[in-house]
Amino acid sequence: MSYTRSRKKERHPIMILLLSIFTILVGAIVFYIYGYKPAAEQDKIHVAFKEALLEEDRAFFEQKVEYQGEPLTRAEALRFMGWLNDEKSIRGDAIAEVAQDRANRTKGMEAEGLFRLIDTGEGRFGFSDYRIELLPQRIDVTSDVPLTNIWVDGQRVGRIDEANGRFTFEKMPGSYDVKAVAVANGETVSETETIQLITSESIDYALMPESSEAIAGQFDLKRAELIEIEVEAQTGHPLETIDSLIGQSEGKVQETLGEPNGKRDGKWDYERLTIVFEEGDVQSVLIDLDKRPDDLVALLGEPKEKTEHKLGTEWDYGQSFFESFFTFFGLETEKQFIEKNDAMYLLIQ
């Protein structure tokens, strides 16, 4: 019986060696691209920070920079990045600080300067993984007038209750317009300081007008103008803007004022004002003037009479006073001053 012996195919040793080398090279390249290189780049936070800043990479600042334990929001990232790029000298110092903190890792963990490096502990292959924490900077504000309201970029942050008193708060590094608004000698006065917050700042406001006739004349404003100033100081919006909302839709209100702080039973609450809707349109606006009855008397004088109102007590200053609103602003809405719970409000409807 005949048969054929089968031969096993033998691989050439060189081919096996080449295949092994090729596999090792491919594995090494994949490891370098997807493992070693990203880990090394995470360790070089100073390089990544500089490149992201110069290239205006918003995503980097949202992912790698935080303030008070929270990642920066889109708006915060854009604001901070824009500030540094606008202020070239500060930008250079910021880049140098991150590089120095990275070089001296122990110092980088301390609370000094604009930043503090945080090692997340997620680094690989002997590299560190960093996040950058913006350090809060203190602002001390004083005023020579009691009941001085302090605003930062259109947002009320607090009040100085006593003359020569102090109010302290913190903000992340950046550029801010700090505004003080108060009533001095029956007149509303204000002053704004623009600060570059890279270290603790102190602002001393001298709002009390001098006694000379020349200076006093600068504050001889019509009462209607005083109310306009006060409304904008409390709400951050001009009186004309708020007045124009009467009869408008919810969409128009949101477009003009933004998202409300809260919504309840046909009412939208914003900073120092409440929008009341009726069948989807604005029926009235109630503005909190942040004043006690005595404060309003100091600002406008005694009312001609006080009458009961469904919201509290109405202060009537007479038709001629409210006609000044219509003449000065060209407004046709009805306005009333309301006293409620020892606080004063302006009702527009």
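Residues numbered from 1 in each chain as written. Predicted model: local features only at pLDDT ≥ 70, side-chain atom pairs only at ≥ 80, totals over all residues. Heavy atoms only, no water.

Asks: Help me understand the overall build of the chain in this model?
Replies: Within the chain, the secondary structure is distributed over 12 helices and 19 strands. When burial is assessed residue by residue, the chain has 41% of its 349 residues classed as buried. Pairs at least 24 residues apart make up 54% of the contacts formed inside the chain by residues separated by at least 6 positions. When the accessible area of the chain is evaluated, it comes to approximately 19,800 Å², of which 48% is carbon and sulfur surface. (Helix = DSSP H or I, 4+ residues; strand = E, 2+ residues; numbered from the N terminus. Buried < 20%, exposed > 50% of the residue type's maximum accessible area, 1.4 Å probe, protein only. Contact = heavy atoms within 4.5 Å. Areas by Shrake-Rupley, 256 points an atom, 1.4 Å probe, with all protein chains shown as cover.)

Asks: Is there a simple way to explain the pattern of salt bridges in this structure?
Replies: Side chains bearing opposite charge may pair, as long as their charged atoms lie close to each other. Overall, the coordinates contain 13 salt bridges when judged by the stated rule. A salt bridge links glutamate 230 to lysine 291; the shortest N-O distance between them is 2.8 Å. On the criterion of sequence distance, the pair formed by glutamate 230 in helix H8 (residues 223–235) and lysine 291 in the loop between strand S15 (281–288) and helix H11 (293–300) is long-range, its members being 61 residues apart. The residues glutamate 230 and lysine 291 share a single accessibility class, namely buried. The salt bridge involving arginine 264 is made with aspartate 269; its shortest N-O contact spans 2.7 Å. On the accessibility criterion, arginine 264 (40% relative accessible area) is partly exposed. (Salt bridge = Lys/Arg side-chain N within 4 Å of Asp/Glu carboxyl O.)

Asks: Honestly, the sheet that holds strand S14 (residues 273–278) in this entry has me stumped. Any pointers?
Replies: Sheets are built from strands that pair by backbone hydrogen bonding, the pairs being arranged parallel or antiparallel. Spatial strand order, S12-S13-S14-S15-S19-S18-S17-S16: eight strands in an open sheet with antiparallel pairing. The sheet terminates laterally at strand S12 (262–264) and strand S16 (305–309), the two strands that pair on one side only. Each strand axis lies, on average, 30° off the axis of its neighbour in the sheet, ignoring direction. Both S14 and S15 contribute to a ladder of six bridges, which runs antiparallel. Paired with threonine 274 across the strands is leucine 286, a residue of S15. Along the sheet, helix H10 (residues 250–257) makes contact with strand S13 (267–270), S14 and S15, crossing S13 at roughly 5°. (Pairing = 2+ DSSP bridges. Axes fitted to C-alpha atoms, helices over the stretch in contact; angles between N-to-C directions.)

Asks: What is the right way to look at the environment of aspartate 119 in this model?
Replies: Position of aspartate 119 among the secondary structure elements: in strand S3 (residues 115–119). With relative accessibility at 37%, the residue aspartate 119 sits in the partly exposed group.

Asks: What exactly am I supposed to notice about a negative patch on the surface here?
Replies: Taken together, Glu250, Glu278, Glu279 and Asp281 make up a surface patch of like negative charges. Among the secondary structure elements, glutamate 279 is positioned in the loop between S14 and S15. (Patch = residues over 30% accessible without salt bridge, like charges linked within 9 Å, V, L, I, M, F, W, Y side chains within 5 Å. Lys, Arg positive; Asp, Glu negative; His and termini not counted. Charge placed at Lys NZ, Arg CZ, Asp CG, Glu CD.)

Asks: Please explain the side chain of threonine 142 as it appears in this structure.
Replies: Along the chain, the position of threonine 142 falls in strand S5 (residues 137–143). The class for threonine 142 is buried, based on a relative accessible area of 11%. Within polar-contact distance, the side chain of threonine 142 engages the side chain of aspartate 204 at 2.5 Å. When neighbours within four sequence positions are excluded, threonine 142 is seen to be in contact with Ile160, Gly165, Arg166, Ile203, Asp204 and Tyr205. (Polar contact = N/O pair within 3.5 Å; in protein donor to acceptor, adjacent residues only side chain to side chain.)

Asks: Would you explain the side chain of aspartate 140 in this entry?
Replies: By the element assignment, aspartate 140 lies in strand S5. Among the residues examined, aspartate 140 registers a relative accessible area of 11% and is labelled buried. Among the polar contacts listed, one links the side chain of aspartate 140 to the side chain of arginine 138, at a separation of 3.1 Å. Each residue touching aspartate 140, except ones within four places of it in the same chain, is listed here: Arg166, Phe167, Thr168, Glu201, Ser202 and Ile203.

Asks: Which parts of the structure should I look at to understand the nonpolar core?
Replies: Across soluble globular proteins, you tend to see nonpolar side chains buried next to one another. If you look at the biggest cluster of nonpolar residues, it comprises 44 residues, and the most contacted ones within it are Phe49, Phe61 and Phe115. Val231, Val253, Phe277 and Phe337 belong to the second largest nonpolar core, which has 26 residues in total. (Core = buried A, V, L, I, M, F, W, Y, C linked by side-chain atoms within 4.5 Å.)

Asks: Would you take a moment to explain the sheet that holds S5 for this structure?
Replies: Strand order in the open sheet formed by three strands is S8-S5-S11, and the pairing between neighbours is mixed. A strand with exactly one partner marks an edge of an open sheet, and here the two such strands are strand S8 (165–171) and strand S11 (201–205). Pairwise comparison of adjacent strand axes, ignoring direction, gives a mean angle of 20° for this sheet. Bridge count between S5 and S11: five bridges; the pairing is parallel. If you follow threonine 142 over to S11, its bridge partner there is aspartate 204.

Asks: Just to check I follow, could you spell out helix H5 (residues 88–103) for this structure?
Replies: An α-helix turns once every 3.6 residues. As a result, residues three or four positions apart point the same way. When the terminal C-alpha atoms of H5 are compared, their 23 Å separation across 16 residues agrees well with the 22 Å that a helix rising 1.5 Å per residue should span. Among the residues of H5, Ile90, Arg91, Ala94, Ile95, Glu97, Val98, Asp101 and Arg102 are the ones counted as buried. Buried positions in H5, seen along its axis, are confined to an arc of 155° and lie on one side of it. Seen from the buried face of H5, the exposed residues on the opposite side, beyond 90 degrees, are Lys88, Ser89, Asp93 and Ala103. (Expected span 1.5 Å × (residues − 1). Arc of directions from axis to C-beta.)

Asks: Can you walk me through the environment of glutamate 225 in this structure?
Replies: Looking at the element boundaries, glutamate 225 is found in helix H8. Assessed through its relative accessible area of 19%, glutamate 225 is described here as buried. Note: C-alpha distance between glutamate 225 and threonine 188 (37 residues apart in sequence) is 9.4 Å.

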